[in-house]
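Close look at the chain arrangement
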Amino acid sequence: MDVSMLASAPAADPTSDAFNNDCPGRTVISHIASRWGILVLAALRDGPLRFSAIRDRIDGISEKMLAQNLRLMVRDGLVDRAVEPTAPPQVSYALTPLGDELTVPLQGMLDWVALRAHDIVAAQDRYDRSHPAG
């Protein structure tokens, strides 16, 4: 490869570089990688769910946090919110094609965590024993 071509290559677009502070993708990353974001997306992977089913699936999430995460993901185009005109209205949430595409690598990460959680806990224990709080 001609090194002179690298020197003249255009600089990366700051709006598509997540390492750049001005990249809008950083906001999306914060929604997806939040404490609950990955779990909300993973819960919807098998199909549409009502709010209460999502809440019951994700142990420990409050209704407030679930509502906030769902609202952000609907706005980001990752989740679709459908309201059925019944009395009372029934609301369900489902992944959009974009959200469904995202759950593939997220599921890989969740699978890895499930596989390696014991190793990570063991590493944390080793660290804590060799670095006593003081």
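What you see is a predicted model, and the numbers here were worked out from it, not measured in a lab. (Residues numbered from 1 in each chain as written. Predicted model: local features only at pLDDT ≥ 70, side-chain atom pairs only at ≥ 80, totals over all residues. Heavy atoms only, no water.)

So, the overall build of the protein
We apply this condition: Secondary structure elements are taken from DSSP: a helix is a run of H or I of four residues or more, a strand is a run of E of two residues or more, and numbering for both begins at the N terminus. Atoms counted for the radius of gyration: C-alpha only. Globule rule: 2.2 Å times residue count to the power 0.38. Contacts are assigned to residue pairs with any non-hydrogen atoms lying within 4.5 Å of each other. Reported accessibility uses the Shrake-Rupley method at a 1.4 Å probe radius. Residues are deemed covered only where the shown protein chains occlude them. Residues scored as positive are Lys and Arg, those scored as negative are Asp and Glu, and His as well as the terminal groups of each chain are ignored. A single reference atom marks each charge: NZ on Lys, CZ on Arg, CG on Asp, CD on Glu.
A count of helices and strands for the protein gives six helices and three strands. Over its C-alpha atoms the protein spans a radius of gyration of 20 Å, topping by over 25% the 14 Å that the globule rule assigns to 134 residues. Put simply, 44% of the contacts in the protein that link residues at least 6 apart link residues at least 24 apart. By element, 58% of the accessible surface of the protein is carried by carbon and sulfur atoms, the whole surface being about 9,600 Å². Across the protein, the centroid of the 13 positively charged side chains sits 8 Å from that of the 17 negatively charged ones.

Points about the confidence of the model for the protein
Filter applied, for reference: pLDDT is a per-residue confidence score from the predictor, ranging from 0 to 100.
Put simply, the protein has an average pLDDT of 89, and 90% of its residues get 70 or more. By mean pLDDT, the top-scoring element of the protein is strand β1 (residues 49-50) (98), and the lowest-scoring one is helix α1 (residues 3-8) (42). Every residue in residues 1-10 scores below 50 in pLDDT, and together they form one contact with partners more than four places removed in sequence or on other chains.

Digging into the sheet that holds β1
Inclusion rule: We treat two strands as partners when DSSP finds at least two bridges between them.
Here we have three strands laid out as an open sheet, ordered β1-β3-β2, and antiparallel in their pairing. A single partner strand is all that each edge strand has here, and the edge strands are β1 and β2 (79-84). In the sheet, β1 pairs with strand β3 (residues 90-95) via two bridges, with the strands oriented antiparallel. Bridge pairing in β3 links L49 to Y93.

Re the environment of T86
Selection criterion: Any N or O atom pair separated by 3.5 Å or less is treated as a polar contact, with the protein-specific requirement of one donor-capable and one acceptor-capable atom, and with residues adjacent in sequence counted only for side-chain atom pairs.
Position of T86 relative to the elements: it lies in the loop between β2 and β3. In this structure the side chain of T86 is engaged in a polar contact, spanning 2.7 Å, whose partner is the backbone oxygen of P88. Of the polar contacts made by the side chain of T86, one reaches the backbone nitrogen of Q90; its length is 3.4 Å.

Remarks on unusual backbone geometry
A cis amide bond links A87 to the next residue, P88, at an omega of -5°. Residue placement: P88 occurs in the loop between β2 and β3.

Concerning the side chain of T96
Put simply, the rule is: Here's how the labels work: a residue is buried when its accessible area is under 20% of the maximum for its type, exposed when over 50%, partly exposed in between, all with a 1.4 Å probe on protein chains only.
Note on placement: T96 falls in the loop between β3 and α6 (97-130). The class of T96 is buried, set by a relative accessible area of 16%. Setting aside residues no more than four positions away along its own chain, T96 makes contact with G77, L78, V79 and D80.

Examining the pairing of β2
When β2 meets β3, the two strands line up antiparallel, connected through six bridges. Bridging across to β3, R81 finds its partner in Y93. Between the end of β2 and the start of β3, which pair antiparallel, lie five residues.

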